[in-house]
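Structural description and commentary
Now for the letters of each chain:
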Amino acid sequence: MDLTDKEHVERCCDGHPEDFGLLVDRYQKPLFSYLASRVGSLPQAEEAAQESFVRAFLSLRKLRKPGSFYSWLLGIAGRVAKEQFRSELRRGQDREAAETMMLTAAGRDEDYPLEEAIAVLPENHRQVILLRYYEGLSCQEVASRLNQPLGTVTKTLSRAYALLRQELKARGCAEQTVNPTKQI
Amino acid sequence: MNCAECRDNFVACAEGLLERGEEQQCRAHLAACADCRAEYEFSVHLQHRLLARGQAAAGVDIVETVMRRVRQEQFKPERETIMSKILKHRWGLGLGATATAAAVTLIALLSTPKIQAAAVEAMTKGAQAVANLTSIHLRGQLRTQPQDNFSYINADCPFYTIELWKEFDPILKWRVEKPNRVLVMDGQSTVMLINSNTGVKLPQPTASAFDTEWLHRIANLSNTISNELDNARDKGWKLTVTEDHGADGRLKSIVTVMAKSGVPDNDYVKNTFIGNADTRRVYRFDAQKNLLESVQIFLVRPSGEVQIFDLSEIDYNQPIDPKVWQLDVPADVSWYQAPKELPDNEKYASMTAEQAARAFFEACSREDWNEAAKFMSPINDQLKQYLGGLEIVSIGESFTSKMYGGRFVPYQIKLRSSETKKWNVALRKDNPAHRWQVDGGI
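Calculation criteria
- Starting from 1, residues in each chain are numbered consecutively following that chain's sequence as written.
- For naming, the first written chain is A and the first written ligand is 1, with later ones following in the order written.
- Confidence filtering applies because this is a predicted model: local features only for residues at pLDDT of at least 70, side-chain atom pairs given and counted only at 80 or more, and all residues used for totals across whole chains, interfaces and linings.
- The basis for every side-chain value is the complete set of non-hydrogen atoms in the structure, without hydrogens or water.
- In this description a helix means any DSSP run of H or I spanning at least four residues, a strand means any run of E spanning at least two, and both kinds are numbered starting from the N terminus.
- Type-normalised accessible area, obtained with a 1.4 Å probe on protein chains alone, sets the label of each residue: buried when under 20%, exposed when over 50%, and partly exposed for intermediate values.
- We call two residues in contact when some of their heavy atoms are within 4.5 Å.
- The accessible surface values rely on the Shrake-Rupley method and a 1.4 Å probe; as for residues, cover is taken only from the protein chains in view.
- Counted as salt bridges are all cases of a side-chain nitrogen of Lys or Arg within 4 Å of a carboxyl oxygen of Asp or Glu.
- For our purposes a nonpolar core is just a set of buried Ala, Val, Leu, Ile, Met, Phe, Trp, Tyr and Cys residues, chained together by side-chain atoms within 4.5 Å.
- A 3.5 Å cut-off defines polar contacts: any pair of N or O atoms within that distance qualifies, except that in protein one atom must be a possible hydrogen donor and the other a possible acceptor, and neighbouring residues in sequence count only when both atoms are side-chain atoms.
- Two rings from Phe, Tyr or Trp (for Trp, the six-membered ring) form a pair when their centres sit within 6.5 Å of each other. Planes less than 30 degrees apart are called stacked, planes more than 60 degrees apart edge-to-face, and all others tilted.
- Helix span is expected to be 1.5 Å times the residue number reduced by one.
- Values of pLDDT, ranging from 0 to 100, describe the predictor's confidence in every residue of the model.
- For every element, the axis is a line fit to its C-alpha atoms; helices are fit only across the contacting stretch, and the angle between N-to-C directions ranges from 0 to 180 degrees.
- Any angle from 65 to 115 degrees is called roughly perpendicular, while one under 35 is roughly parallel, one over 145 is roughly antiparallel, and all others are oblique.
- The classification used treats Ala, Val, Leu, Ile, Met, Phe, Trp, Tyr, Cys and Pro as nonpolar, Asp, Glu, Lys and Arg as charged, and all other residues, Gly among them, as polar.
- If DSSP finds at least two bridges between two strands, the strands pair.

As a further point, take the overall build of chain A. In terms of helices and strands, chain A carries nine helices and zero strands. Counted from the first residue to the last, chain A has its helices and strands arranged as α-α-α-α-α-α-α-α-α. A total of 184 residues make up chain A; the buried ones form 52% of that total. At a minimum sequence separation of 6, the contacts of chain A that also span at least 24 residues come to 65%. Summed over its atoms, the accessible surface of chain A is roughly 8,500 Å², and 49% of this surface lies on carbon and sulfur atoms.

As structure tokens, then:
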């Protein structure tokens with residue numbers, strides 16, 4: 001059975017740094033997706049994702065609520081994205097050009113609050129969302145992976161949708177219209 | 001079907017996973033209930049959004065890259081200073097780690113020759129054999145100076161005992177000890193006691209601190225493998241394996257790693273610390289149990305090899321006396337304190353390393369310990385006795401090392417005891433007050 005975020009974090013801090021690779025595996029795609037919406041290009045998003053994970057690893061002992069690892073990771077990623085932006089400015093691009101770059105990136109897909117909302121879901125709900133959509137498993141495959149009945153998985157997903165809607169509504173973006181064919 | 005039942009079935013309904021009868025009931029409820037219909041439409045919409053996000057990230061795979069960077073952070077050569085450890089201590093290495101797929105993957109990535117792959121396999125088995133340890137105790141011999149730090153090596157020195165105790169359950173605790181220096185991490189904080197009169201405290205638990213990382217690494221074969229493989233790829237380290245029968249008649253696998261530090265031959269600190277030294281490392285495993293039985297490290301110099309470390313006492317899963325985690329700190333111990341900004345801080349922050357060295361020795365000469373304390377912490381009575389009343393003979397031009405973040409200033413002083421000392425004082429100013437601080441070489 002997969003360990004929880006909290007268990008992985010605690011094992012990392014107890015001398016099992018290899019467990020961090022499992023956390024990277026778990027969150028690399030949603031984190032990349034989140035960053036791709038916030039920085040200028042996909043290579044930059046990948047670079048920012050790597051940097052965010054490394055910083056998270058180095059600061060892991062400061063994480064007071066190990067169960068909130070992903071939410072905390074997104075906070076780090078947000079700071080990394082801002083630093084990238086400032087770095088672009090320092091590299092000689094004028095502010096207007098850099099801001100245009102950021103706006104272009106944001107305009108490409110302004111759906112990053114979705115990852116933020118996923119981060120605050122209860123872990124069992126988040127787990128099925130990640131497996132179903134970011135790992136691309138079918139509901140049946142998710143059920144096999146988690147050793148749960150199919151009905152439990154579909155109900156958990158349905159309830160996760162309801163929680164996501166509440167969360168997005170609280171963030172003022174629940175009714176956002178997104179073209180489902182649009183790619184990041 | 002009521003609203004709650006209908007909403008629980010949204011995903012199954014949208015994905016065609018309901019029985020025909022259930023689906024009809026669900027659709028009928030949606031047709032009749034505006035609230036549920038709105039919620040259902042949102043769910044479908046959300047599903048599209050999530051599918052788009054997931055598809056865009058489908059090709060992302062940065063696990064190996066991130067873990068390589070993490071390992072590089074872990075295995076950065078340890079700085080050889082007390083102060084740097086206080087300012088920035090790193091993750092160390094626990095022991096329970098298994099040699100997992102990561103090591104196997106690295107073997108493939110390296111495309112190692114067969115003999116190298118065999119060496120890795122022997123180490124991997126060794127790591128698997130100790131994957132679930134509850135405790136470990138290492139007792140080895142290191143050529144070092146008692147007063148110097150835990151990773152200092154000197155081929156001209158005799159061997160001194162160095163020990164590591166490590167317990168994993170219920171929480172990580174460890175202790176490292178050599179003559180004149182004890183370091184205890186009791187699960188809450190990390191305290192080092194030097195010569196029973198000087199203390200350094202980190203208020204948090206650590207997995208490794210104060211130049212003990214190399215010893216922790218020996219106790220953690222999984223990370224050792226990662227380290228040796230990364231270096232084999234990046235620096236051309238060679239791994240070989242042979243087999244031999246030990247004194248007990250049992251077959252042994254002997255893995256040898258030729259480790260190049262990458263430090264230039266003319267660098268001042270080359271071969272003075274484990275991490276800065278060119279070494280040949282010999283790991284000996286019981287071929288049947290796969291347990292690590294001994295480690296030997298040889299310093300490799302143009303003039304020949306000298307053994308600098310010998311480890312043949314390794315206790316696995318033995319109960320550790322709780323007293324090991326206790327450290328008796330004398331009441332009058334002098335504690336290290338990080339430098340703080342002074343009212344006239346700029347005067348000191350603008351000094352060159354040479355000026356700072358001279359100002360420090362002049363303060364010692366006058367026995368003005370308040371002034372001397374602006375350059376060094378702590379200055380205990382023993383040090384005051386040693387340096388008080390000295391005469392400066394010369395202060396030379398400072399120089400740097402690739403492996404050190406500060407500068408070295410050559411000096412010659414005449415002590416009150418009439419002894420003349422000629423050496424290099426290490427100074428660094430990467431502290432919040434940006435003042436040069438004596439970091440070693442006294």
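Structure shown, so let's carry the discussion forward.
Locating Ser294 of chain B in the fold gives a position in strand β10 (residues 292–301). In contact with Ser294 of chain B, other than residues within four places in its own chain, are Val282, Tyr283, Arg284, Leu311, Ser312 and Ile314 of chain B.

This brings us to the pattern of salt bridges. As enumerated under the stated definition, the model contains 31 salt bridges over all chains in all. Between Arg55 of chain A and Glu83 of chain A there is a salt bridge; the shortest N-O distance is 2.6 Å. With Arg55 of chain A in helix α3 (residues 42–58) and Glu83 of chain A in helix α4 (residues 69–90), this residue pair connects regions lying 28 residues apart in the sequence. Across the pair Glu371 of chain B and Lys374 of chain B runs a salt bridge, and its minimum N-O distance is 3.0 Å.

Soluble globular proteins: nonpolar side chains tend toward being buried together. One finds Phe20, Leu35, Phe53, Phe69, Ile118 and Ile129 of chain A together with Leu50 of chain B to be the most contacted residues of the largest nonpolar core, which totals 63 residues. If you tally residues by element for this core, the top one is helix α2 (residues 19–36) of chain A, at nine residues. If near-sequence neighbours (up to four positions away) are discounted, Ile118 of chain A is found in contact with Tyr70, Arg126, Ile129, Leu130, Tyr134 and Leu164 of chain A together with Leu50 of chain B. In this structure, Leu133, Ala232, Phe309 and Ile314 of chain B belong to the second largest nonpolar core, which totals 55 residues.

Among the structural elements, Trp174 of chain B can be located in strand β3 (residues 173–178). A polar atom in the side chain of Trp174 of chain B sits 2.8 Å from the backbone oxygen of Thr206 of chain B.

This next bit is on the packing of aromatic side chains. Residue and element names in this part refer to chain A. The tally for this structure, following the rule as stated, stands at 15 aromatic pairs over all chains. Ring geometry for Phe20 against Phe53: centres 6.3 Å apart, planes inclined by 85°, an arrangement best described as edge-to-face. Within this pair, whereas Phe20 is found in helix α2, its partner Phe53 is found in helix α3, the two being separated by 33 residues in sequence. A single burial state applies to Phe20 and to Phe53, both of which are buried.

Counted at 1.5 Å a residue, the expected span for helix α4 (residues 34–56) of chain B with its 23 residues is 33 Å, and the 33 Å between its end C-alpha atoms agrees. Within the sequence span of α4 of chain B, burial applies to Cys36, Glu39, Tyr40, Phe42, Ser43, Leu46, Gln47, Arg49, Leu50, Ala52, Arg53 and Gly54 of chain B.

Turning our eyes to something else, we now look at unusual backbone geometry. For residues that are not glycine, phi is negative in most cases, and the peptide bond is trans in most cases. Residues and elements named next belong to chain B. Omega for the bond connecting Ser377 with Pro378 falls within 30 degrees of zero, at -10°, which places this linkage in the cis form. With respect to the element layout, Pro378 can be found in the loop between α13 (369–372) and α14 (381–387). Of note in the backbone geometry, Glu367 takes a positive phi value of approximately 60° without being a glycine. One can find Glu367 in the loop between α12 (353–366) and α13. When its relative accessible area of 36% is taken as the criterion, Glu367 is described as partly exposed.

Let's shift gears to the confidence of the model for chain B. Residues and elements named next belong to chain B. Of the residues in chain B, 88% have a pLDDT of 70 or more, and the chain-wide mean is 82. Contacts for the low-pLDDT stretch residues 77–112, under 50 throughout, to residues beyond four places or in other chains number 130 contacts. The ipTM assigned to the predicted complex is 0.80, against a pTM of 0.54.

A word on the packing of helix α9 (residues 150–170) of chain A against α4 of chain B. Remark: α9 of chain A packs on α4 of chain B, axes separated minimally by 10 Å, with the N-to-C direction vectors making an angle of 90°. As judged from the angle between their axes, α9 of chain A and α4 of chain B are roughly perpendicular. For the pair α9 of chain A and α4 of chain B, the contacting residues are Tyr161, Ala162, Leu164, Arg165 and Leu168 of chain A in the first and Ala38, Glu39, Phe42, Ser43, Leu46, Gln47, Arg49 and Leu50 of chain B in the second. Its residues assigned to classes, the contact of α9 of chain A with α4 of chain B shows eight nonpolar, two polar and three charged.

Residues and elements named next belong to chain B. Relative to strand β14 (residues 407–414), strand β13 (residues 391–395) is paired through four bridges, and the arrangement is antiparallel. Note that in β14 the partner of Ile395 across the bridge is Tyr411. Alignment of β14 against strand β15 (residues 420–428), held across eight bridges, turns out to be antiparallel. Counted as the bridge partner of Lys414 is Thr420 from β15.

All names here are of chain A. This prediction gives chain A a mean pLDDT of 78; 78% of its residues lie at or above 70. At the level of individual helices and strands, chain A shows its lowest average pLDDT in helix α5 (residues 95–108), which scores 44, and its highest in α9, which scores 90. Overall, residues 97–109 carries pLDDT values under 50, and its contacts beyond four positions in sequence, including any with other chains, amount to 24 contacts. Segment residues 175–184: pLDDT under 50, and 27 contacts once partners within four positions in sequence are set aside and those in other chains are kept.

Residue and element names in this part refer to chain B. Ordered in space as β7-β8-β9-β10-β11-β1-β2-β3-β4-β5-β6-β12, the twelve strands form an open sheet in which the pairing is mixed. Each edge of the open sheet is held by one strand with a lone partner, namely β7 (238–245) and β12 (334–335). Alignment of strand β9 (residues 279–286) against β10, held across seven bridges, turns out to be antiparallel. Within β10, the residue paired with Arg284 across the bridge is Ser294.

Quick look at the sheet that holds strand β16 (residues 437–440) of chain B now. All names here are of chain B. Strand order in the open sheet formed by four strands is β13-β14-β15-β16, and the pairing between neighbours is antiparallel. Both edges of this open sheet fall to β13 and β16, since each of them pairs with a single strand only. Each strand of the sheet is rotated relative to its neighbour by a mean of 45°, with strand direction disregarded.

Residues and elements named next belong to chain B. Of note, Asn380 is situated in the loop between α13 and α14. At 2.8 Å, the side chain of Asn380 forms a polar contact with the side chain of Thr198. A distance of 3.1 Å separates the side chain of Asn380 from the backbone nitrogen of Gln382, its partner in a polar contact. Leaving out residues up to four positions away in the same chain, Asn380 has contacts with Asn197, Thr198 and Ser334.

Another point: the environment of Leu427 of chain B. All names here are of chain B. Position of Leu427 relative to the elements: it lies in strand β15. Classification of Leu427 by relative accessible area gives buried; the value is 1%. Between the C-alpha atom of Leu427 and that of Gly441, which follows or precedes it by 14 residues, the distance is 8.9 Å. Those residues in contact with Leu427 that sit more than four places away from it in its chain are Ala353, Ala356, Ala357, Tyr404, Gly406, Arg407, Val409, Trp436, Gln437 and Val438.

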